[in-house]
Each structure stands twice: as C-alpha cells, then as structure tokens.
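What the coordinates show
Each chain, written out:
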Amino acid sequence: DSWYAEEIERTIITEDEIRAKVAELGALVSADFAEGVLDSGDELLLVGVFKGAVMFMADFARALSVPVKMEFMALSSYGSSTTSSGTVRILKDIDSDVAGKHILVVEDIIDSGLTLSWLLKYLEGLHPASVSVVSMLRKPGVQRVDIPVKYVGFDIPNEFVVGYGLDYAERYRELPFVGVLKPEVYQK
Ligand code: PRP
Ligand code: MN
Ligand code: MG
C-alpha cells in the first residue's frame, strides 16, 4: 500500500476521471480560442496559480492544441488553515507584459472565490485582451463573491479535499487523485 492509504477516508475523483476531464477541457478550450479569438502567430497566455494549480497546469497545457505561453503567480490566502482568510498576498508575480494578451487563469479549486476574485481584478488592471478562468474543481454554493468561471472540471461537495495539487498544511499535493482525509489527520 502507498504511505497515504491509512490517511485517506475516501476518493472523490479518481486518477482516470481526472485524465478524461483534462482531455475534455483541453479540447473545449482549444476549440473556443482557435475559432477567431487568437490571431495568427498569437498564443494563449496561461497563468497558473502556485502552488495548488501546478499539477493541473502541467496536464492541461499538454491537452491543448493551440500555442501557449506560461506564466506563474504564487498567491496565498490559506496558510496552514483549512478556511480562507480572505487576505491575498502575491508571493510571485507575472514576469512579462500581458497587455493585449488573451489570458486564461488556471486554478485547482474555487472555494470561497476570494483568491480568484482578487486575482481577476488584478489581471484586468494589466489591460489584457481578455481574461477567462479554468478551474479543475469548484465547490458550488459556497462562493462569497460572484465570479465568472467559464471552464470547470468538477463540482464537488463542500468538504476539505487534498491531492492533485491541493494540500493540507503543504502535504498531499502529489496524490494522483482528489480525496478527503480522515478526521484524525487534522487532529494530529
Ligand atoms: C487554495 C487553492 C486556491 C484557493 C481557493 O490556495 O489552491 O488557489 O485556495 O480558495 P478560495 O476560493 O477560498 O480563495 P492556497 O491559498 O491554499 O495556496 P496553495 O495553492 O499554495 O495551496
Ligand atoms: Mn492555490
Ligand atoms: Mg493551499
């Protein structure tokens, strides 16, 4: 058994389900941007949000059939807590000029929506041609702000999940599936 077998209560999304969804999202997004949105020679600018989106960013970029450039931002709103503080800090900013570019923000999960809401305002201020969002996961009904998210992989129950980039106290990001931890893990 893997080292984490005793710590996971149940799997929410399997590795196979993730793979299929990434392919589906890649095809959908490619079609949307290929058809008259990207000018010839232009590329889609993926903005991945560290650290959580790192797994999805790597898989999703390879599922696209339009050319991309990649930028990464590091934001943190959770620290080691399991609920959002609402305070977003930029730990790492974009390196290039994004004015006039078509930006696609790549996120692992939308929970309260506060991180993304803040990020979208920030990016709009940089005068891109467009900003849209793809998120692997979303918790419906818990967003505290209204955010337009065009592409969502899975709507999941309002539980604290880990794996496929998502952490609890910086651990479990490398799990190839999305799951729920046993309660005793939080009580340690
Ligand atoms: C998590 C997650 C999203 C954000 C979603 O990031 O990866 O970025 O919280 O929460 P929200 O919708 O309530 O704002 P976190 O701040 O934990 O940093 P991390 O990606 O480095 O784990
Ligand atoms: Mn994150
Ligand atoms: Mg986190």
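Every value quoted in this text rests on a predicted model; they were computed, and no experiment measured them.

1. Remarks on the overall build of the chain
For the chain, the count of helices and strands is four helices and nine strands. Over its C-alpha trace the chain gives a radius of gyration of 17 Å, about what one expects of a compact globule, namely 16 Å for 188 residues. Considering the chain as a whole, with its 188 residues, one finds that 29% of them fall into the buried category.

2. Quick word on the sheet that holds strand 8 (residues 161-162)
Taken in spatial order, the three strands of this open sheet run 1-9-8, and their pairing is antiparallel. Unpaired on one side and paired on the other, strand 1 (8-13) and strand 8 mark the two borders of the sheet. As defined by bridge partners, strand 1 adjoins strand 9 (residues 178-181) across four bridges and the pair is classed as antiparallel. Bridge pairing in strand 9 places Ile8 opposite Leu181.

3. Brief notes about the confidence of the model for the chain
Averaged over every residue, the pLDDT of the chain is 92; residues scoring 70 or more account for 95%. Two summary scores accompany this predicted model of the complex, namely pTM at 0.94 and ipTM at 0.97.

4. Some remarks on the sheet that holds strand 2 (residues 44-50)
Strand order in the open sheet formed by six strands is 4-3-2-5-6-7, and the pairing between neighbours is mixed. Edge positions in the sheet fall to strand 4 (89-92) and strand 7 (151-155), since each of these pairs with one other strand and no more. Averaged over all pairs of adjacent strands, the angle between strand axes in this sheet comes to 30 degrees, irrespective of strand direction. Taken strand by strand, helix 1 (residues 15-34) contacts strand 2, strand 5 (102-110), strand 6 (130-138) and strand 7, and its axis lies near 160 degrees from that of strand 7. Relative to the sheet, helix 2 (residues 54-62) contacts strand 2, strand 3 (68-76), strand 5 and strand 6, its axis offset from that of strand 2 by approximately 155 degrees.

5. A few points about the pairing of strand 6
A regular strand carries its side chains on alternate faces of the sheet. In terms of residue burial, strand 6 counts as a mostly covered element, since seven of its nine residues are buried. In terms of strand pairing, strand 5 meets strand 6 through eight bridges, oriented parallel. Paired with His102 across the two strands is Ser130, which belongs to strand 6. For the crossover that starts at strand 5, traverses helix 3 (residues 114-124) and ends in the parallel strand 6, the hand is right-handed. Strand direction decides the pairing type here: strand 6 and strand 7, joined by four bridges, are parallel. Residue pairing for strand 7: Ser135 is matched across the bridge by Val152.

Rules behind the numbers
Residues numbered from 1 in each chain as written. Chains lettered and ligands numbered in written order. Predicted model: local features only at pLDDT ≥ 70, side-chain atom pairs only at ≥ 80, totals over all residues. Helix = DSSP H or I, 4+ residues; strand = E, 2+ residues; numbered from the N terminus. Rg over C-alpha atoms; globule rule 2.2 N^0.38 Å. Buried ≥ 20, exposed ≤ 12 C-beta atoms within 10 Å, placed from the backbone. Pairing = 2+ DSSP bridges. pLDDT = per-residue confidence, 0-100. Axes fitted to C-alpha atoms, helices over the stretch in contact; angles between N-to-C directions. Contact = placed C-beta atoms within 7 Å. Right-handed = clockwise from strand over helix to strand, strands pointing away.

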